2 protein chains.
Amino acid sequence: MATLNQQLKVKAWPQGLPGPEHFELVEAPMPTPGDAQVLIRNLWLSIDPYYRHSLGPRFVGTTFCRPGDVMMGVTLGEVVESRDPAIPVGRHVVTLVGGMQTYTALSARDVRLIPADIFGPGKLPLSTALGVAGIPGLTAYSALMVHAKTSPGETFVVSSAGGCVGATAGQLARILGLRAVGIAGSKEKVDWVVHKAGFDACVSYKSPTFAADLAAACPNGIDVNMEHVGGEVLATVLPLMTLNSRIVISGLIDQYNRDVAPPGPNWGIIVQRQMTVSGLRVFKHFDLFPHFERLMAEKIGSQNFAYEEDIKDGLESAPMSLANVLTGANFGKSLIRVAADA
Amino acid sequence: MATLNQQLKVKAWPQGLPGPEHFELVEAPMPTPGDAQVLIRNLWLSIDPYYRHSLGPRFVGTTFCRPGDVMMGVTLGEVVESRDPAIPVGRHVVTLVGGMQTYTALSARDVRLIPADIFGPGKLPLSTALGVAGIPGLTAYSALMVHAKTSPGETFVVSSAGGCVGATAGQLARILGLRAVGIAGSKEKVDWVVHKAGFDACVSYKSPTFAADLAAACPNGIDVNMEHVGGEVLATVLPLMTLNSRIVISGLIDQYNRDVAPPGPNWGIIVQRQMTVSGLRVFKHFDLFPHFERLMAEKIGSQNFAYEEDIKDGLESAPMSLANVLTGANFGKSLIRVAADA
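About the cut-offs
- Residues numbered from 1 in each chain as written.
- Chains lettered and ligands numbered in written order.
- Predicted model: local features only at pLDDT ≥ 70, side-chain atom pairs only at ≥ 80, totals over all residues.
- Helix = DSSP H or I, 4+ residues; strand = E, 2+ residues; numbered from the N terminus.
- Buried ≥ 20, exposed ≤ 12 C-beta atoms within 10 Å, placed from the backbone.
- Contact = placed C-beta atoms within 7 Å.
- Nonpolar A, V, L, I, M, F, W, Y, C, P; charged D, E, K, R; others polar.
- Pairing = 2+ DSSP bridges.
- Least-squares fit on C-alpha atoms with pLDDT ≥ 70 in both.
- Axes fitted to C-alpha atoms, helices over the stretch in contact; angles between N-to-C directions.
- Parallel < 35°, antiparallel > 145°, perpendicular 65-115°, else oblique.
- Right-handed = clockwise from strand over helix to strand, strands pointing away.

Undergrad: So what about unusual backbone geometry? Which residues, and what values?
TA: Positive phi, normally seen in glycine, also occurs at Ala36(A), with a value near 60°. Within the secondary structure layout, Ala36(A) lies in the loop between strand E2 (23–29) and strand E3 (37–46). Residue Ala36(A) is classed as partly exposed on the basis of its C-beta count, with 15 C-beta atoms lying within 10 Å. Its identity as a non-glycine residue notwithstanding, Gln274(B) has a phi of 50°, on the positive side. Judged by the 19 C-beta atoms lying within 10 Å of it, Gln274(B) falls in the partly exposed class.

Listed below in structure tokens is the structure:
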């Protein structure tokens, strides 16, 4: 067994894109597992775009790797020493806090045993437990199974379709009976998405005809969008979204390397807070009227509900009242008494 | 009965705020109901901010009242002539297409009979069928009952809290066991919201200490926001939103009178398309792993699922791989083989 732990440490926070100059490789003493801890020998390290959030204040992340810290990383490793009987030596685990190092000592509750009947020789390769059958794959799966509320026949569009999450999402969407359309960059990726991953179509966001290409690939509009990019890609997707459509924001890579937030209320906070934002137009809820009217009759009738009315007489008062509700100069529900006997 | 129909017509589309100069009052012949139509004598006209969308291309509406058209308006009227037995003479109806006029002839399917056991003398005033117990009230009700998925004890914040929708929403939120906090403009409205409508708190967006006031009124953050304003109000709300919080966008009055859309991907389209946008972080879906892994084992095992891996060797390759996933230069899931024997 090794006597030193190789670690990749953060040297400085980047402006813009990170590169080798922002990290340094060091050797540290081997970690020793404490009570209820395990010692992991890292075999595979996943590299994901969201790591950028940890390298200085951005618009999504809130936990940081500071200069001098071991760089964060999701790893798959082998248990080489265990002080917790639930995590036996020799088993493989995935951990979010393995970090970019060869060894790591962790609490058993910070690792997840990967099922030996699914991963290993003659089964799925171990590396897929960090990719298509791991957290990136689960991201695609939960977008479709939990967030998107899909129906067969709907059109699903995913950006970064050549990436692990996007490619998995499109293939899962087709299993669910959706039409899958990808957005990718290079011709190599676009071809792979259609011919290998079997999407119904894929368009390049780098094409000068991107907007027309996407519209042509989605003749009935977009019912579900899984968004990884933001910026111009999201701006091109938005006008094609259908009524009652859903967007699952999984990433906004367009802004990960910006030092200044893009203008406008940032959709990034929707990811950061795992929010749900819905647009309400009341016209589709008229079926609720009977129950609602009865509730109001009871509450207002028993003097338990306050309301004010701002009443003006005659149609000729309507333009001024409209201006008032737009500036907030009214007080209470703005009404025009059209008939003098009303 | 009158022999002429008074109508308020659009004279010109406004830039910015509409005013009396954009409309003209005219007299037209009385309309005559056709087959399956009813003749309505309009008693009350509702004035609502969203009417602005019909006065020229904006960022939400898509149907317009052009110069020369009768201005749109939601009305409550009395049936004075009926060629449909389901809508008897003498009953009261609400219609979205009554328009700003004293009489209107409409298909029976375009009017809604308001329940005679709820509205009328000794019951709720007729005018409330256009306000607190009408479409604005139902907007508040459906935001809370359908969109917001509230739980007792949560904090609910509504802007335009002195308006009919906002005031109704806050009072309904309290009935559901939520803490209700309003945002309003004038001191008069703020006082009314707290002392008459019984909100737990209300703050003024016109105060120089608005952001601090709102934070102080929401010591546990904001779990549900019903948004009517957008702009600086939404920007002040956003940082206070809690994990798994919900925003119901009912209006974005801040942009109704702008001639140029605010920068950034416009949240207005969320309303226009009645979309649901959700932020996904996979970490809360780890309970799905067992089912997902089994699905992947089956699909990949039977060669029915495509995936690619972009593998580099050694921790020292990680910075370049991170840069590559941020620019899209990778192809397939980016992994570092940390251990040579992995």
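Undergrad: Explain the interface of chain A and chain B to me, and be specific about the residues and the numbers.
TA: Between chain A and chain B, the residue contacts involve 119 residues of the former and 120 residues of the latter. Within the side of chain A that touches chain B, the residues separate by chemical class into 73 nonpolar, 31 polar and 15 charged. Examined bridge by bridge, strand E15 (residues 333–337) of chain A and strand E3 (residues 37–46) of chain B share three bridges and lie antiparallel to one another. Counterpart to Ile336(A) in the pairing with E3(B) is Leu45(B).

Undergrad: Outline the relation of the copies chain A and chain B, supporting the account with residue identities and numerical values.
TA: Superposing chain A onto chain B takes a rotation of 180° combined with a translation of 0.0 Å along the rotation axis, leaving an RMSD of 0.1 Å. A rotation of that kind, with that shift, is consistent with a two-fold axis. In this assembly the copies share their binding face: 100% of the residues contributing to the interface of chain A also contribute to that of chain B.

Undergrad: Which residues make up helix H3 (residues 187–195) of chain B, and what values go with them?
TA: Among all positions of H3(B), only Lys189(B), Val190(B), Trp192(B), Val193(B) and Val194(B) are buried. The inward-facing, buried residues of H3(B) contact helix H2 (164–175), strand E9 (179–184) and strand E10 (201–204) of chain B.

Undergrad: I'd like to hear about the packing of helix H1 (residues 135–147) of chain A against helix H7 (residues 289–301) of chain B, residue by residue, with values.
TA: Orientation of H1(A) relative to H7(B), taken along the N-to-C sense of each, is 105°, at an axis distance of 10 Å. Accordingly, the angle class assigned to the pair H1(A) and H7(B) is roughly perpendicular. Contacts between H1(A) and H7(B) involve Gly137(A), Leu138(A) and Tyr141(A) from the former and Phe289(B), Phe292(B) and Met296(B) from the latter.

Undergrad: Summarise the pairing of E9(B); cite the residues concerned and give the values.
TA: All names here are of chain B. For E9, the tally of buried residues reaches six of six residues, placing the bulk of the element in the interior. Of the two faces of E9, the one carrying Arg179, Val181 and Ile183 and the one carrying Ala180, Gly182 and Ala184 are both buried. Alignment of strand E8 (residues 155–159) against E9, held across five bridges, turns out to be parallel. Across the sheet, residue serine 159 finds its bridge partner in E9, namely isoleucine 183. Note that the unit made of E8, H2 and E9 has a crossover that is right-handed. Between E9 and its parallel partner E10, the chain crosses via H3, and the hand of that crossover is right-handed.

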